[in-house]
Amino acid sequence: MTQTCTEPTPSLPAANAGLAIVVLSRGAAYAGGLTELSDLATQLEARLAAAQTPVLRVQPAFVDRAQPALPEALDLCADADQILILPVMVPDEPSLRRWLHKLIMRWRAKQQAGGQPGKYAPRIVFAQPLLQLPALAELLAATIPSALQQPDVPQLLADEDWERDPKAWSQVPEHQHHVLWCVGPRCAAKGAVALWPQLARTVQQNPLLKKQVMLLQTSCQYPCNHGPLMIAYPEGVWYGPMDATTIEPVLTAHVQQHDCPHEHLRVHGPQPALHE
């Protein structure tokens, strides 16, 4: 009888305690997006454990709009000998990836400068972009039969009034100021996402600010080197780099006093005092 030899399925080494994996995505404007990435990381870790290829950790991370940012995720994986970054965002922009490479190099340099004698920063590998994976088309094709078993869209909506949207969506909110808070990749890496709740609290806890200010998160607005950035309109004044100690005094003074108590933070635009 002729025996057929088959290629073994590639796998990680059986004892891979020196490896950490970062599952990297773009942030989402909805809370469920954060949960989905965490669930994916948990499922990946379980799959690796079932295959007897345990790793130190599988850590979710976000390029923008959410926490933890990539530097924070690398901090959590710093004890590993190797860190594999699996990008699951679509599209994977070449310019963004190149900047992420620079961000990683800065993180490594910081680790080496403050590390223990004789301890080296981990090796860091960036996996292929998701859309370039050869097996992706095969995986999608395999999902088609089960996908076609899902209910028709009219069944999902049932008797919901699909022809009209709520009337409130036509009403302009009462406010005099738009305050734009950048949560793009570079500001996020500098802590902008972590500062957002403090900015929101500052507005919610001040009755005048709550009435006059509409907060909006934005993607990259430039100039990134001054981030985290806060931009106040209609005056068109850009402030940065913002931190936990400057959010309340700068925003309050700008809106209520038409002034800037920290003039060195004004990156661009006329002095607020000119707008009285």
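Residues numbered from 1 in each chain as written. Predicted model: local features only at pLDDT ≥ 70, side-chain atom pairs only at ≥ 80, totals over all residues. Heavy atoms only, no water.

- Per an unreviewed UniProt entry, the protein carries the name Cobalamin biosynthesis protein CbiX and comes from Comamonas thiooxydans.

Topic: the state of the cysteines
Phase 1 of the analysis: Going through the model one piece at a time under the given rule, you end up with zero disulfides.
Phase 2 of the analysis: Here Cys 187 is not disulfide-linked; the sulfur of Cys 182 is the nearest cysteine sulfur, at 3.6 Å.
Phase 3 of the analysis: On the accessibility criterion, Cys 187 (3% relative accessible area) is buried.
Phase 4 of the analysis: With no disulfide of its own, Cys 220 lies 3.6 Å from the sulfur of Cys 224, the closest cysteine sulfur. (Disulfide = S-S within 2.5 Å. Buried < 20%, exposed > 50% of the residue type's maximum accessible area, 1.4 Å probe, protein only.)

Brief notes about the environment of Val 203
Phase 1 of the analysis: Here Val 203 shows up in helix α7 (residues 192-204).
Phase 2 of the analysis: Counting along the chain gives ten residues from Val 203 to Val 213, while the straight-line C-alpha distance between them is 7.3 Å.
Phase 3 of the analysis: If sequence neighbours within four positions are ignored, Val 203 has contacts with Leu 209, Lys 210, Val 213, Leu 215 and Leu 251. (Helix = DSSP H or I, 4+ residues; strand = E, 2+ residues; numbered from the N terminus. Contact = heavy atoms within 4.5 Å.)

Section: the packing of α7 against helix α9 (residues 247-257)
Phase 1 of the analysis: At a minimum axis separation of 10 Å, α7 and α9 run at an interaxial angle of 40°. Considering the angle they form, α7 stands oblique to α9. Note on packing geometry: the crossing formed by α7 with α9 is right-handed. For the pair α7 and α9, the contacting residues are Leu 195, Gln 198, Leu 199, Thr 202 and Val 203 in the first and Ile 247, Glu 248 and Leu 251 in the second.
Phase 2 of the analysis: Taken together, the residues that form the contact of α7 with α9 break down as five nonpolar, two polar and one charged. (Axes fitted to C-alpha atoms, helices over the stretch in contact; angles between N-to-C directions. Parallel < 35°, antiparallel > 145°, perpendicular 65-115°, else oblique. Left-handed = near helix turned anticlockwise from the far one by under 90°. Nonpolar A, V, L, I, M, F, W, Y, C, P; charged D, E, K, R; others polar.)

Re a nonpolar patch on the surface
Phase 1 of the analysis: Residues Val 153, Leu 156, Leu 157 and Trp 162 make up a contiguous nonpolar surface patch of roughly 450 Å² in combined accessible area.
Phase 2 of the analysis: Structurally, the position occupied by Trp 162 is in the loop between α5 (153-157) and β5 (177-182).
Phase 3 of the analysis: A relative accessible area of 62% places Trp 162 in the exposed class. (Patch = residues over 30% accessible without salt bridge, like charges linked within 9 Å, V, L, I, M, F, W, Y side chains within 5 Å. Areas by Shrake-Rupley, 256 points an atom, 1.4 Å probe, with all protein chains shown as cover. Salt bridge = Lys/Arg side-chain N within 4 Å of Asp/Glu carboxyl O.)

A look at α7
Phase 1 of the analysis: Over its 13 residues, α7 extends 18 Å from the first C-alpha to the last, a length consistent with the 18 Å expected when each residue adds 1.5 Å.
Phase 2 of the analysis: Three or more residues of α7 are buried, namely Ala 192, Val 193, Leu 195, Leu 199, Thr 202 and Val 203. An end-on view of α7 places all buried positions within 140° of arc, on one side of the element. (Expected span 1.5 Å × (residues − 1). Arc of directions from axis to C-beta.)

Here's the deal with the sheet that holds strand β3 (residues 82-87)
Phase 1 of the analysis: Here we have four strands laid out as an open sheet, ordered β2-β1-β3-β4, and parallel in their pairing. Only two strands of the sheet have a single neighbouring strand rather than two, namely β2 (57-62) and β4 (123-126). Neighbouring strand axes in the sheet, compared pairwise and without regard to direction, differ in orientation by 20° on average.
Phase 2 of the analysis: Contacting β1 (19-25), β3 and β4, helix α3 (residues 94-114) runs over the sheet at an angle of about 170° to β4. (Pairing = 2+ DSSP bridges.)

Regarding the pattern of salt bridges
Phase 1 of the analysis: Summed over all chains, the structure comprises six salt bridges.
Phase 2 of the analysis: Of the charged contacts, one joins Arg 26 and Glu 93 as a salt bridge, the two residues approaching to 3.0 Å between their closest N and O atoms. In this pair, Arg 26 sits in the loop between β1 and α1 (31-50) while Glu 93 sits in the loop between β3 and α3, placing the two residues 67 residues apart along the sequence.
Phase 3 of the analysis: Classification of Arg 26 as partly exposed rests on a relative accessible area of 25%.
Phase 4 of the analysis: Note that Arg 266 is salt-bridged to Glu 263, the shortest N-O span being 2.4 Å.
Phase 5 of the analysis: Overlapping salt bridges, with partners in common, bring together Arg 26, Asp 64 and Glu 93 in one network.

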